[in-house]
Every structure is written in C-alpha cells, then in structure tokens.
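These are the residues of each chain, in order.
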Amino acid sequence: MHDETRPSHWEQHALNWRHVGLPLRPAGQDVRIMESLLAVHLDQAARVLLLGVTPELARLRWPDRTHLLAVDRSAGMIQRVWPGDALALDAQVIRGDWNALPLSDGCRDAVIGDGFYTPLAYPSDYHRLGRELARVLRPGGLYLIRAFVRPDAAESLEVIEADLLAGRIGTVHALKWRLAMLLHDDLATGVRLDTVWRLWDALRAQPAVADRLRQWPAEEVATLEAYRGEPGRYTFPTLTELRAALAPDFTELDCRVPDYELGDRCPILLLKTR
Ligand SMILES: C[S@@+](CC[C@H](N)C(=O)[O-])C[C@H]1O[C@@H](n2cnc3c(N)ncnc32)[C@H](O)[C@@H]1O
C-alpha cells in the first residue's frame, strides 16, 4: 500500500543518493566521453541547461565561461544533491518543471542530462519535453544525454538469477535495472516500481540469493525499499524507440556506448536541434 506519510519518490532518492551507484549515476568513463564531445562541439561562454541536478554532470570540465542553469522540481534533490557553491563555474539552480521551463525561446546553447527519460511517461512527456527543449535551444543548439535503454530482446529471469548466484552482477543497482527492464511492458506502459520491488522481494527470500546479497553494502541494497508500494512507473525505451522519439526535434551527431557493466543500456547521444 502507498504510504502517504513517507517522502515522495525523488525526495527518497535524495536521501539515498550517496548509496546510489553505477549504472544509475554516471561513471568516470561517461564523464570522459561527455567532456570529449563538449570539447569538440561546444563553444566558450555557452549557456547550458542541466535537466536535474546530477553532480557528475555539473562538475564536467566545461569550456571557459560556460554558464550552467540546473532545473529540478524536487526540493530534496536540490538541497541534498546539487553541488552549488562547490562548483568551479558560473552555475545556478532553480526549482521547476521541465515541461514548462521559465526560459525564453532560443536562449540556451546546449541542454544536458542523465537518465531523465526514465521517470517520464511515453508518449506524452517525451514529446512535450522534446518540443520544450527545441523551443529553449537556439537553432543548432546541442542536446547531450546519457539515456537508460532496454535491450531489443528481453532477457529471462533465469539468466538474471544465474548471473546473480554466480557473482556476475556487480552492483545492486545493475540488478535493479535488469529486473526493471525484464518486467517492462511496451513503452507506453513501462514498469511499475512496486512490481520491481515484488519480484525483488520474492528473489531475496531464496536463501542462496540472500547469501549473495550480503556481498553488497546493506545501504545500497536497501535503496530498493524506495520502490515498495510505489505506484509510479519508469519507462525504458529501446535505443530504436528513443531515436524515434527524438527524431521530430533533433538530428543525431554521435552515439557512444560505455563498456562498464550494462554500458550497452546507457548510451550517450549527442544531438542538435533541427
Ligand atoms: C535526472 S533524473 C535521473 C537521475 C539519476 N540518473 C538516477 O536515476 O538516479 C532524476 C531527477 O529528475 C527530476 N525530475 C523528474 N521529472 C521532472 C520534471 N518533469 N521536471 C523537473 N524535474 C524532474 C527528479 O526530481 C530527479 O531529481
């Protein structure tokens, strides 16, 4: 049952943030890929919009005189996760909704974000966000994203269980993402977070699985409790579906696939407005 007294999903995420790891947060390799793309494609003194407050992105080595504006609707994420004054560049954060950005047309040179399609509903939010970003970006403006995508062919629970028992899953977050993508329906339906928790709860009841889970820090394993009773859904497009959703507003310039665990489900795409 959903408990109205507990923090909302993203407020909870903010509380758990230091226990969230790869692949949910960008790795050093993602940072290097993004910095190399920005070095080639982004001019100095660019006005950049960050969707969310992902610290690894705020802390990228930006071209000189970059101005960064971060927008997130969660007060908890802003308060607990945004690096703020610790940043070496001219940066600002505001609380707001990406679907109605308080920004004038064409006022941004680039938009960047990490994993932010996941909490959006398809097709409504995907298309609304695409139009809104195309509005605030100048013509030819850049769009740099690390997205979470599900494989074209769903894997089986047996494979995930075998990998878990054999120690082939590196973090509880990788397990979380594999379970969520396994249970994912079509893109319009996505996956309900409580459904992920239920499968997880059944898995951990097996003594051999419970033994394996002790290899991971208890606080990281406990992040799955944020999914318990959570009616919200995540969506994981395939890469083909993501490209189709981006195509009306953006042209793809580059796509890089990191080689860490599940890196093939975390591609980095560089696009520009049409
Ligand atoms: C950028 S996404 C993914 C972050 C990270 N990669 C992860 O999964 O742990 C998460 C952030 O998006 C924010 N968010 C989600 N939908 C939003 C919207 N429509 N407008 C503004 N912020 C939103 C949440 O508040 C949260 O801070």
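About the criteria used
- Residues numbered from 1 in each chain as written.
- Predicted model: local features only at pLDDT ≥ 70, side-chain atom pairs only at ≥ 80, totals over all residues.
- Heavy atoms only, no water.
- Domains from an automatic or database assignment.
- Contact = heavy atoms within 4.5 Å.
- Buried area = accessible area lost by both parts, 1.4 Å probe.
- Polar contact = N/O pair within 3.5 Å; in protein donor to acceptor, adjacent residues only side chain to side chain.
- Nonpolar A, V, L, I, M, F, W, Y, C, P; charged D, E, K, R; others polar.
- Helix = DSSP H or I, 4+ residues; strand = E, 2+ residues; numbered from the N terminus.
- Buried < 20%, exposed > 50% of the residue type's maximum accessible area, 1.4 Å probe, protein only.
- Expected span 1.5 Å × (residues − 1).
- Core = buried A, V, L, I, M, F, W, Y, C linked by side-chain atoms within 4.5 Å.

*Asks:* Would you mind going over the domain arrangement of the chain with me for this structure?
*Replies:* Where interface size is given, it is often the accessible area lost as the parts come together that is meant. Domain assignment breaks the chain into domain 1 (9–149 + 237–273) and domain 2 (157–234). The C-alpha centroid of domain 2 is placed 25 Å from the C-alpha centroid of domain 1. Facing the 21 residues of domain 1 at the interface are 21 residues of domain 2. Where domain 1 abuts domain 2, roughly 1800 Å² becomes buried across the two surfaces, and 67% of that area is made up of carbon and sulfur atoms. When residues of domain 1 are sorted by the area they lose upon contact with domain 2, His9, His19 and Glu261 head the list and together hold 30% of the total. Joining domain 1 to domain 2, the criterion identifies five residue pairs in polar contact (both at pLDDT 80 or more). Residues belonging to the side of domain 1 that touches domain 2 are distributed by class as follows: twelve nonpolar, six polar and three charged.

*Asks:* Is there a simple way to explain the environment of Ile78 in this structure?
*Replies:* For Ile78, the position within the fold is in helix α4 (residues 75–80). The buried category is assigned to Ile78, whose relative accessible area is 18%. It is 18 Å that separates the C-alpha atoms of Ile78 and Asn99, two residues lying 21 residues apart in sequence. When residues no more than four places from it in sequence are discounted, the contact partners of Ile78 are Val53, Asp72, Val93, Ile94 and Arg95.

*Asks:* Please explain helix α8 (residues 193–204) as it appears in this structure.
*Replies:* In an α-helix, one turn spans 3.6 residues, which is why side chains three or four residues apart end up on the same side. Helix length check: α8 (twelve residues) gives 17 Å between terminal C-alpha atoms against 16 Å at 1.5 Å per residue, within 8%. Residues Leu193, Asp194, Val196, Trp197, Leu199, Trp200 and Leu203 constitute the buried set of α8.

*Asks:* Mind showing me how you'd approach the nonpolar core here?
*Replies:* Within soluble globular proteins, side chains that are nonpolar generally end up buried alongside one another. Counting 34 residues, the largest nonpolar core has Leu175, Trp177, Leu179, Trp200, Trp216, Tyr227 and Phe236 as the members making the most contacts within it. Mapped by element, the contributors of at least two residues to this core are α6 (157–165), α7 (172–183), α8 and α9 (207–213). Among the elements that take part in this core, α7 stands out by supplying eight residues, more than any other. Split by domain, the residues of this core number at least three in each of domain 1 (9–149 + 237–273) and domain 2 (157–234). Contacts of Trp216, omitting those with residues within four sequence positions, involve Leu164, Ile169, Gly170, Thr171, Val172, Leu175 and Val221. Residues Ala14, Ala46, Leu50 and Leu68 belong to the second largest nonpolar core, which totals 29 residues.

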